[in-house]
Structure formats: C-alpha cells, structure tokens
Amino acid sequence: MQLLEQLWRNAESGLSAYSLVLLNHVGYNVVDFAKNMLEWMSDTVTKQFEEQRSYPFHFKKLQLCHTLQDLEKIPSPYVLLTSMPDLSCGFARNLLAVSADRAENCIIITQRTRPDTLASKLLSNTLNNTIDITIGKRVPLEGKELEDHRATIAKKQQETDKMEVEEEEEDTDEEQEDDLSLVLRHDVPIPEETKH
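Nothing here was measured: the structure is a model prediction, and the numbers come from that model.

Asker: Quick question: what am I supposed to make of the sheet that holds strand β2 (residues 62–65) here?
Answerer: Strand pairing within a sheet occurs via backbone hydrogen bonds; the two strands may be parallel or antiparallel. Read across the open sheet, the 3 strands follow the order β2-β1-β3; overall the sheet is parallel. This sheet does not close on itself; its edge strands, each paired only once, are β2 and β3 (78–82). Strand after strand, the sheet turns through a mean of 25° between neighbouring axes, direction not considered. Here 5 bridges tie strand β1 (residues 19–23) to β3, and the two strands are oriented parallel to one another. Within β3, the residue paired with V21 across the bridge is L80. Packing of helix α1 (residues 2–9) onto the sheet brings it into contact with β1, β2 and β3, and relative to β1 it is tilted by some 160°.

Asker: How should I be thinking about the layout of surface pockets in this particular structure?
Answerer: One water molecule sets the probe size; rolling that probe over the atoms shows where empty space is left. The volume enclosed by the largest pocket comes to roughly 1,400 Å³. Lining the largest pocket are 38 residues, and of these V79, L80, L81, T82 and C106 sit closest to its centre. Looking at the lining of the largest pocket, the elements that each hand over two or more residues are α1, α4 (68–72), β3 and α5 (90–99). With 6 residues, α5 is the largest single contributor of residues to the lining of the largest pocket.

Asker: What's the story with a nonpolar patch on the surface in this structure? I'm lost.
Answerer: Side chains of M1, V26 and V30 sit close together on the surface and give an oily, nonpolar patch of about 230 Å² of accessible area. With respect to the helices, strands and loops of the structure, V26 is situated in the loop between β1 and α2 (27–35).

Asker: Looking at this structure, how should I read the nonpolar core?
Answerer: Looking at soluble globular proteins, one finds that nonpolar side chains tend to be buried together. W8, L20, L22, V31, A34, F57, F59 and L62 form the largest nonpolar core, which has 8 residues in total. Taken together, the elements giving at least two residues each to this core come down to β1 and α2. Those residues within four positions of F59 in sequence are excluded, and the remaining contacts are M1, Q2, E5, R9 and V31. Counting 7 residues, the second-largest nonpolar core is a separate cluster that includes L23, C65, F91 and L95.

Asker: What is the right way to read α5 from this model?
Answerer: Taken residue by residue, α5 has F91, A92, R93, L95 and L96 as its buried positions. In this structure, the buried side of α5 is in contact with β1, α4, β3 and α6 (118–124).

Asker: Just checking my understanding: could you explain a negative patch on the surface for this structure?
Answerer: On the surface, D161, E164, E166, E167, E168, E169 and E170 cluster together to form a negatively charged patch. Along the chain, the position of E166 falls in helix α7 (residues 143–184).

Asker: Can you walk me through the pairing of β1 in this structure?
Answerer: If a strand is regular, its side chains alternate between the two faces of the sheet. Most of β1 is tucked away, with 5 of its 5 residues classed as buried. Burial along β1 is two-sided: the residues S19, V21 and L23 and L20 and L22 are all buried. Sheet topology note: the β1/β2 ladder contains 4 bridges and is parallel. Within β2, the position partnered with L22 by the bridge is L64.

Asker: Please clarify how α2 should be interpreted in this entry.
Answerer: Within an α-helix, residues lying three or four positions from one another point in the same direction, as the helix has 3.6 residues per turn. Taken together, the buried positions of α2 are occupied by G27, V31 and A34. The arc that holds the buried residues of α2, viewed along the axis, is 60°, so those residues lie on one side. On its buried face, α2 sits against β1 and β2.

Asker: Sorry if this is basic, but what is going on with the side chain of T113 here?
Answerer: Within the secondary structure layout, T113 lies in the loop between α5 and α6. Judged by its relative accessible area of 19%, T113 is buried.

Rules of the game
- Residues numbered from 1 in each chain as written.
- Predicted model: local features only at pLDDT ≥ 70, side-chain atom pairs only at ≥ 80, totals over all residues.
- Heavy atoms only, no water.
- Pairing = 2+ DSSP bridges.
- Helix = DSSP H or I, 4+ residues; strand = E, 2+ residues; numbered from the N terminus.
- Axes fitted to C-alpha atoms, helices over the stretch in contact; angles between N-to-C directions.
- Contact = heavy atoms within 4.5 Å.
- 1 Å grid on protein atoms, 1.4 Å probe; cavity = no way out; pocket = protein on both sides within 12 Å on 5 of 7 lines; lining within 4 Å.
- Points joined across faces, edges and corners; volume = space filled by probe spheres on them.
- Patch = residues over 30% accessible without salt bridge, like charges linked within 9 Å, V, L, I, M, F, W, Y side chains within 5 Å.
- Areas by Shrake-Rupley, 256 points an atom, 1.4 Å probe, with all protein chains shown as cover.
- Salt bridge = Lys/Arg side-chain N within 4 Å of Asp/Glu carboxyl O.
- Core = buried A, V, L, I, M, F, W, Y, C linked by side-chain atoms within 4.5 Å.
- Buried < 20%, exposed > 50% of the residue type's maximum accessible area, 1.4 Å probe, protein only.
- Lys, Arg positive; Asp, Glu negative; His and termini not counted.
- Charge placed at Lys NZ, Arg CZ, Asp CG, Glu CD.
- Arc of directions from axis to C-beta.

Such coordinate-based values are descriptive only and should not be taken to indicate function.
Here's what the structure looks like:
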C-alpha cells in the first residue's frame, strides 16, 4: 500500500487520473493497527516519522472502502485492491463476476495461487475467453426450510439445557459428599491421661 501511495503521489506517473481504492471488510482496522506498530517498521519509516512527524499510514491517495456501497461512491475509473488472491470468496470474487465482461477492466493477480481455485483457472485459461463462476448468496429461510431450522435450534437448546441440569445435579451430589466427609472427619481432641 505504501508503494502504491507513493506512485499515486508522483505526478509524473500519470496514475492520478485513477482513484486508488482498497476494498476490504477490515481495511480500516488493518490500517489503524498498522499505525500502532511504527516501532516494528523499517528504519527509514521510523526516521521519516521522527523527523517529519508524518504517519506512514496516513494515505492521501488510497481510499478505504468497507462495503460495495462505499465503492459505488468512488469516481471511475479506479484501481481496486481486494483481498483473497485466490478469488475464493469475498469482494474479489463478486466483483470479478460483475466486471469481467468489460474490456477496459484488467485483473492483476499479485501472487501465486493454490491449485483448483478460481484464480488458478483464470491463469491457466489463456485460450478460452469464458470461465464459469459460481457465486453464493445468502437469502432468508422461508417455509419448510425455516421451520426445519427452528426445530434444529430448539432441539440443540433442549440438549444444552438437559446437559446443564445434569451437570448441576452432579455438582450438587459432589457438594453433599464433601459436606458428609467434613462431618465425618472432625477430629475430637481426647485429653491425655497423666500417670503419677
């Protein structure tokens, strides 16, 4: 992110025409946590902070987006950074399905991918221009599915309640046994007889 921020700040790079965006559910948190770790960063970054009092994670060009609705507010064109380089889940997979058919879009995979992932299929599919993508979507349960789900939850709750009652009974039995052993173990002092 630091390198990209520097490139976007450089007027000669020609990249300022594009918005630089990081789209991630925890993007704000990652940057915030990184700000707190300055002492673990390189000497150059630490010196820059000490001398100029400039935070290395105070981005002027990189815009952080938490949701797809945040991304819609960013002016196009933009360079979009997402997580999950395998395109196995998350924003990257969803955006690929939406934007892959436009010729002006480009997908850059920045690291090696695991086999049998969507990213590896894209990399190995150089001759064919199409690839099948399955996108999962959460929908509210309805009808019989909802009833079955509620029944399953109720059954689990009953089992949990039953186990808690059994544990309480065991604890009570153990406490009673401890009380009995305390009663039986009282030492009674017997005075010693003295012989003359």
